[in-house]
Amino acid sequence: MSTPVVQQKIAAAEKVARALSERMGDGIDSAYIAGSITAGLGNATSDADVFVLYAADHLPAATTQQFTLDGHRVDVEWYSRDELDDALRTILDWQLRPDNISELWGFADRLDLLARFATSQPVLSSEHLGRAYAALEAGWPRLRQALINYWAIAVNSDLEDFHGACAEGDLGTATYVGQVLLTSATKAVTTAADDRYFGRKWVYKQVNRSLSAGYPTERFGYFQRGDWAREGVAGANDLLEFVQTSVTASQLMAGEGVSPAMWPTWQFGDEGLFRDVSYNVLHAGDRVLLHKELHRQVTLKREVAFVWGLCQGVAPDTVVKRIEALSEVVPTLRTMTEQRTLSVIDALIKSGLLHEERSAAFGAPEND
């Protein structure tokens with residue numbers, strides 16, 4: 001429930017939107033309030049953001065403005081109706097392939113616009129705005145998948161710096177980059193849990209409100225605070241395993257419409273089968289793409305990707321049990337008999353995607 005101060009900020013934003021409408025008349029198509037406040041994440045110091053959609057032939061003098069009303073700051077951003085339509089059409093029609101991953105970087109502004117729109121509160125309505133809301137709701141699963149893929153490649157972009165800092169023993173830099181890495185991975189998790197806010201800064205609140213008891217909140221905090229750095233090499237490897245698990249659970253569970261909080265385990269065991277932690281996990285249509293930057297890409301059926309993802313330092317019979325348990329909420333896994341699961345495991349080992357020893361990016365993890 002919003003606080004009285006947040007309600008006052010929303011009221012000030014509504015006044016600004018209506019005043020702008022009176023000034024420009026037919027030049028304004030519609031307006032809505034968006035941002036952390038309407039997403040249920042803001043606080044008493046958060047700004048109220050108004051997004052104004054204007055007709056193509058009524059270009060405003062400035063596309064960003066700032067007002068103070070009743071003691072509250074209101075930021076205004078102007079977009080043409082065509083810009084919103086283009087963002088919806090582009091993102092909802094786009095599908096990731098092995099050869100177009102880099103295109104996601106060019107979608108950042110559109111993804112931000114649509115995620116804000118998805119958590120917005122209309123102030124000035126129109127037929128166009130109503131159609132846009134309807135299109136977004138109908139296409140939300142595709143938008144959600146694009147957002148999860150975006151956060152997955154954001155993880156990929158920071159891995160090189162993390163590896164470099166750890167290799168040099170620069171744990172200060174590694175701690176900072178590790179926090180950025182983990183935030184991106186956790187944004188994938190919260191998005192998979194249907195939390196629609198795009199920005200990074202409220203990720204702790206998003207974890208607490210969007211994920212059930214199955215998610216390891218304390219372990220997330222351990223890594224986010226940088227406590228892992230006290231363990232040196234072992235801590236760096238543990239962080240990478242947690243990051244990959246976060247992305248894996250997000251991609252696989254969201255593809256089935258299931259919360260990633262139901263993922264069976266978020267920590268690697270010490271023996272058995274281990275997935276290769278050098279792979280990033282992306283969703284491409286009805287398949288899962290394992291992507292190792294500049295080295296290898298492998299496309300898997302979703303049920304095969306689940307088997308790969310559940311190999312977290314456990315014996316094959318444990319993987320079989322976890323597949324069986326997940327099949328109660330994941331229809332894709334209902335065809336996975338024990339024999340088929342074991343056959344998939346054997347094929348993944350032969351293809352080099354699973355190992356009988358724990359892979360380590362920075363040397364062998366230290367055991368207690």
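Residues numbered from 1 in each chain as written. Predicted model: local features only at pLDDT ≥ 70, side-chain atom pairs only at ≥ 80, totals over all residues. Heavy atoms only, no water.

Draft legend 1. Representation of the overall build of the chain in the model. A count of helical and extended segments in the chain gives 11 helices and 11 strands. Here the chain has a C-alpha radius of gyration of 23 Å; the compact-globule value for 368 residues is 21 Å, and the two agree. Looking at the chain as a whole, 54% of its 368 residues are labelled buried. In the chain, the share of contacts with a sequence separation of at least 24, taken over all contacts with a separation of at least 6, comes to 68%. Approximately 16,400 Å² of the chain is accessible, and the part contributed by carbon and sulfur atoms is 48%. (Helix = DSSP H or I, 4+ residues; strand = E, 2+ residues; numbered from the N terminus. Rg over C-alpha atoms; globule rule 2.2 N^0.38 Å. Buried < 20%, exposed > 50% of the residue type's maximum accessible area, 1.4 Å probe, protein only. Contact = heavy atoms within 4.5 Å. Areas by Shrake-Rupley, 256 points an atom, 1.4 Å probe, with all protein chains shown as cover.)

Draft legend 2. View of the confidence of the model for the chain. Per-chain confidence: the chain averages 92 in pLDDT, with 97% of residues scoring 70 or above. In this model, residues 364–368 is a region of pLDDT below 50 whose contacts with residues beyond four sequence positions or in other chains number eight contacts. (pLDDT = per-residue confidence, 0-100.)

Draft legend 3. Geometry of the pairing of strand E9 (residues 296–301). Judged from the six bridges that link them, strand E8 (residues 287–292) and E9 form a sheet pairing that is antiparallel. Bridging across to E9, Arg-287 finds its partner in Lys-301. Linking E8 back to E9 in an antiparallel pair, the connection comprises three residues, with Leu-294 at a positive phi of about 65°. (Pairing = 2+ DSSP bridges.)

Draft legend 4. Region of the structure containing the sheet that holds strand E4 (residues 72–80). Ordered by their spatial adjacency, five strands build an open sheet running E3-E4-E2-E1-E5, and the pairing between neighbours is mixed. Whereas interior strands pair on both sides, the edge strands pair on one side only; in this sheet they are strand E3 (64–69) and strand E5 (121–124). The mean angle between the axes of side-by-side strands here comes to 25°, regardless of whether they run parallel or antiparallel. Two strands pair when backbone bridges link them, and strand E1 (residues 28–34) and strand E2 (residues 48–54) are joined in this way by six bridges, in the antiparallel orientation. (Axes fitted to C-alpha atoms, helices over the stretch in contact; angles between N-to-C directions.)

Draft legend 5. Here's a closer look at the side chain of Arg-196. Take Arg-196: it is sitting in the loop between helix H5 (171–192) and helix H6 (203–210). Judged by its relative accessible area of 18%, Arg-196 falls in the buried class. Leave out the neighbours within four places in its chain, and Arg-196 touches Ala-115, Ala-118, Thr-119, Leu-136, Glu-137 and Trp-140.

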